[in-house]
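Structural features, examined
So you can see what is in the structure, the chains are spelled out below.
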There are 2 protein chains.
Amino acid sequence: MDLDEIDWRILDLLQADGRLSFSEVGRRVALSAPAVTERVRRLEQRGVITGFRATVDPRAVGLPVEAIVRVRVRSLDTPRFRQHVLALPQAMDADHVTGEDCWLLRVVCASMLELEAIVEQAQRFGDTTTSLVFSSAVRGRPVTRETVEPVQGTNSRSTAS
Amino acid sequence: MDLDEIDWRILDLLQADGRLSFSEVGRRVALSAPAVTERVRRLEQRGVITGFRATVDPRAVGLPVEAIVRVRVRSLDTPRFRQHVLALPQAMDADHVTGEDCWLLRVVCASMLELEAIVEQAQRFGDTTTSLVFSSAVRGRPVTRETVEPVQGTNSRSTAS
DNA sequence: CTTGAAAAATGCCGGAA
DNA sequence: TTCCGGCATTTTTCAAG
């Protein structure tokens, strides 16, 4: 929560390239390598950095179909539904949300046939609404200081701030 | 696409911990460090690995509100809407999808007040439906061989396969 | 947080299966 | 091709200030 300017710069760098050496990070933020290592360790311990991951493009490994499946789960079935999606290897994200469609799944799969099977499985727990993803204009935007303290005047209405 | 067993094991390891040294990966898959480096380089070149990133928990940096905003963008406004969401630091994901709600935004922000402002901005482009995220049962599940070739008999209907 | 030294990892090369 | 071994360089790690 109380991150200083250097913490934010480190987060910027590591969200852009999670394999940057801590020496290199240190060079860019004008700190020694051990200092960076220690800051990163503390950011992880405080739960700010939750991990470092390689990101894989599903389309590049034979998963061209991406869809958002909204499921109106009957409340009694919620625990079983939770178990179900946890076991679904094609479910990349599953969010429990407010509103009529209690659950939102992001699913990737090899074909429409497979998507059909997945949606049919989900139907066991409630009504579904499925949308195919054309494209993603934004995916996993890094969290920056701007996200936390957005500046005013960024919108088209007030360009001449 | 044509990934062998070792490629999959490397992807498993690096999706779990993107900062593992390639020597360590090599130890675990019984390959020399240069061989791992070369495989990772090719996986990146083929677009399988799209990058390595640190993941940041928005809640840990003062962004406790997460919401999915569906926007029914009027088709003529789509290009401007695209520009708008690209400029929104709170939009973590933005997907163009089929169906009535042409766009799905995943938004994080500091307060309900801020969410209200963002939704009001989105309203300029079309009607919106907003759902608050209670929790995420799955977030960024790794892509595995199972995702590409799901085994049959995983579902509750056919446990005794 | 820094420095400095030991241990480990990386990058690059020629050569083997 | 794909992988291995070896060497120079860089990075990591750990101690001490």
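Scroll up to find the structure.
All of these numbers come straight from a predicted model, not from anything done at the bench. (Residues numbered from 1 in each chain as written. Chains lettered and ligands numbered in written order. Predicted model: local features only at pLDDT ≥ 70, side-chain atom pairs only at ≥ 80, totals over all residues. Heavy atoms only, no water.)

Some points on the protein's contact with DNA strand D
Here is the rule: Nearness is judged by heavy atoms alone; a residue qualifies as near a molecule or strand once a single heavy atom is within 4 Å of it. N or O atoms closer than or at 3.5 Å make up a polar contact, with two conditions inside protein: a donor-capable atom paired with an acceptor-capable one, and, for residues adjacent in sequence, both atoms drawn from side chains. Helix numbers and strand numbers start at the N terminus; a helix is a DSSP run of H or I with at least 4 residues, a strand a run of E with at least 2. When residue character is reported, Ala, Val, Leu, Ile, Met, Phe, Trp, Tyr, Cys and Pro are called nonpolar, Asp, Glu, Lys and Arg charged, and the others, Gly included, polar.
Around DNA strand D, the surrounding shell consists of Ser21, Phe22, Ser23, Arg27 and Pro34 of chain A together with Arg19, Leu31, Ser32, Pro34, Ala35, Arg39 and Arg42 of chain B. The sugar-phosphate backbone supplies 83% of the atoms of DNA strand D found within 4 Å of the protein. Taking Arg39 of chain B, its side chain carries an N or O atom lying 2.5 Å from a phosphate oxygen of DNA strand D. Where the surface near DNA strand D is concerned, the elements lending two or more residues are helix H2 (22-29) of chain A together with helix H3 (33-45) of chain B. Looking at which element gives the most residues to the surface near DNA strand D, the answer is H3 of chain B, with four residues. Taken together, the residues that form the surface near DNA strand D break down as five nonpolar, three polar and four charged.

Points about the interface of chain A and chain B
Here is the rule we go by: Only heavy atoms enter the contact rule, under which two residues are in contact if any of them lie within 4.5 Å. What counts as buried area is the accessible surface, traced by a 1.4 Å probe, that two parts surrender upon association, with contributions from both included. Throughout this description, the term salt bridge denotes a Lys or Arg side-chain nitrogen within 4 Å of a carboxyl oxygen of Asp or Glu.
Counting residues at the interface gives 78 residues for chain A, matched by 78 residues for chain B. When the area that chain A buries against chain B is broken down by residue, the three leading residues are Arg19, Arg53 and Arg141 of chain A, summing to 11%. Applying the counting rule to chain A against chain B returns six salt bridges. Between Arg70 of chain A and Asp101 of chain B there is a salt bridge, with the nearest N and O atoms lying 3.8 Å from each other. Across the contact surface, chain A and chain B share 53 residue pairs in polar contact (both at pLDDT 80 or more). With nine residues, strand S5 (residues 126-139) of chain A is the largest single contributor of residues to the side of chain A that touches chain B. Here the residues of the side of chain A that touches chain B sort into 40 nonpolar, 21 polar and 17 charged.

Regarding the protein's contact with DNA strand C
Close contacts around DNA strand C come from Arg19, Leu31, Ser32, Pro34, Ala35 and Arg39 of chain A together with Ser21, Phe22, Ser23, Arg27, Pro34 and Thr37 of chain B, and that covers them all. In DNA strand C, atoms within 4 Å of the protein come from the sugar-phosphate backbone in 83% of cases. Within the contact set of DNA strand C, a phosphate oxygen lies 2.5 Å away from a side-chain nitrogen or oxygen of Ser32 of chain A. Ser23 of chain B places a polar side-chain atom, nitrogen or oxygen, 2.8 Å from a phosphate oxygen of DNA strand C. When residues of the surface near DNA strand C are traced back to their parent elements, those giving at least two are helix H3 (33-45) of chain A together with helix H2 (22-29) and H3 of chain B.

Side note on the sheet that holds S5 of chain A
Quick reminder of the rule: When DSSP locates at least two bridges between a pair of strands, those strands are taken to pair. Every angle, taken between N-to-C directions, lies between 0 and 180 degrees, and every axis is a line fitted to C-alpha atoms, over only the stretch in contact when it is a helix.
Pairing is antiparallel around the closed barrel formed by eight strands, whose spatial order is S2(A)-S4(A)-S3(A)-S5(B)-S2(B)-S4(B)-S3(B)-S5(A). With direction set aside, neighbouring strand axes in the sheet form an average angle of 35 degrees. Relative to strand S4 (residues 103-109) of chain A, strand S3 (residues 91-97) of chain A runs antiparallel, the two sharing five bridges. By the bridge assignment, Ala91 of chain A is partnered in S4 of chain A with Val107 of chain A. Contacts between helix H5 (residues 112-123) of chain A and the sheet are confined to strand S2 (65-73), S4 and S5 of chain A, with S5 of chain A contributing the most and set at about 135 degrees to the helix.

As for the relation of the copies chain A and chain B
Here is the rule we go by: A least-squares superposition brings the copies together, and it is based on the C-alpha atoms of residues with pLDDT no lower than 70 in both.
With an RMSD of 0.1 Å, the operation that places chain A on chain B is a rotation of 180 degrees combined with a shift of 0.0 Å along the axis. Such a combination of rotation and displacement between the chain copies is what one expects of a two-fold axis.

Re the nonpolar core
We apply this condition: For the purposes of this section, nonpolar cores are sets of buried Ala, Val, Leu, Ile, Met, Phe, Trp, Tyr and Cys residues that join through side-chain atoms within 4.5 Å. Here the term buried applies to any residue with accessible area under 20% of the maximum for its type, exposed to any over 50%, and partly exposed to those in between, with areas from a 1.4 Å probe on protein chains only.
Membership of the largest hydrophobic core comes to 25 residues, with the highest contact counts inside it found for Leu11, Leu14, Val40 and Val48 of chain A together with Val61 of chain B. Elements with a contribution of two residues or more to this core: helix H1 (5-16), H2, H3 and strand S1 (49-56) of chain A together with strand S1 (49-56) of chain B. Every residue in contact with Val61 of chain B, bar those within four places of it in the chain, is listed here: Met1, Leu3, Trp8, Val48, Val143 and Val148 of chain A together with Val56 of chain B. Counting residues in each nonpolar core, the second largest holds 24 residues, with Trp8, Leu13, Leu14 and Phe52 of chain B among its members.

Re the pairing of S3 of chain A
Burial analysis of S3 of chain A places seven of its seven residues in the buried class, the great majority of the element. Where S3 of chain A folds back onto S4 of chain A in an antiparallel hairpin, the turn is made up of five residues, including Gly99 of chain A, whose phi is positive at roughly 100 degrees. As defined by bridge partners, S3 of chain A adjoins strand S5 (residues 126-139) of chain B across five bridges and the pair is classed as antiparallel. Along S5 of chain B, the bridge assignment pairs His96 of chain A with Ser135 of chain B.

With respect to the packing of H2 of chain B against H3 of chain B
Residues and elements named next belong to chain B. For the record, the criterion: When an angle is under 35 degrees it counts as roughly parallel; over 145 it counts as roughly antiparallel; between 65 and 115 it counts as roughly perpendicular; any other value is oblique.
Here H2 crosses H3 at 105 degrees, and the two axes come no closer than 8 Å. One element, H2, and the other, H3, form an angle in the roughly perpendicular class. Between H2, through Phe22, Ser23, Val25, Gly26 and Val29, and H3, the contact on the second element is made entirely by Ala33, Val36, Thr37 and Val40.

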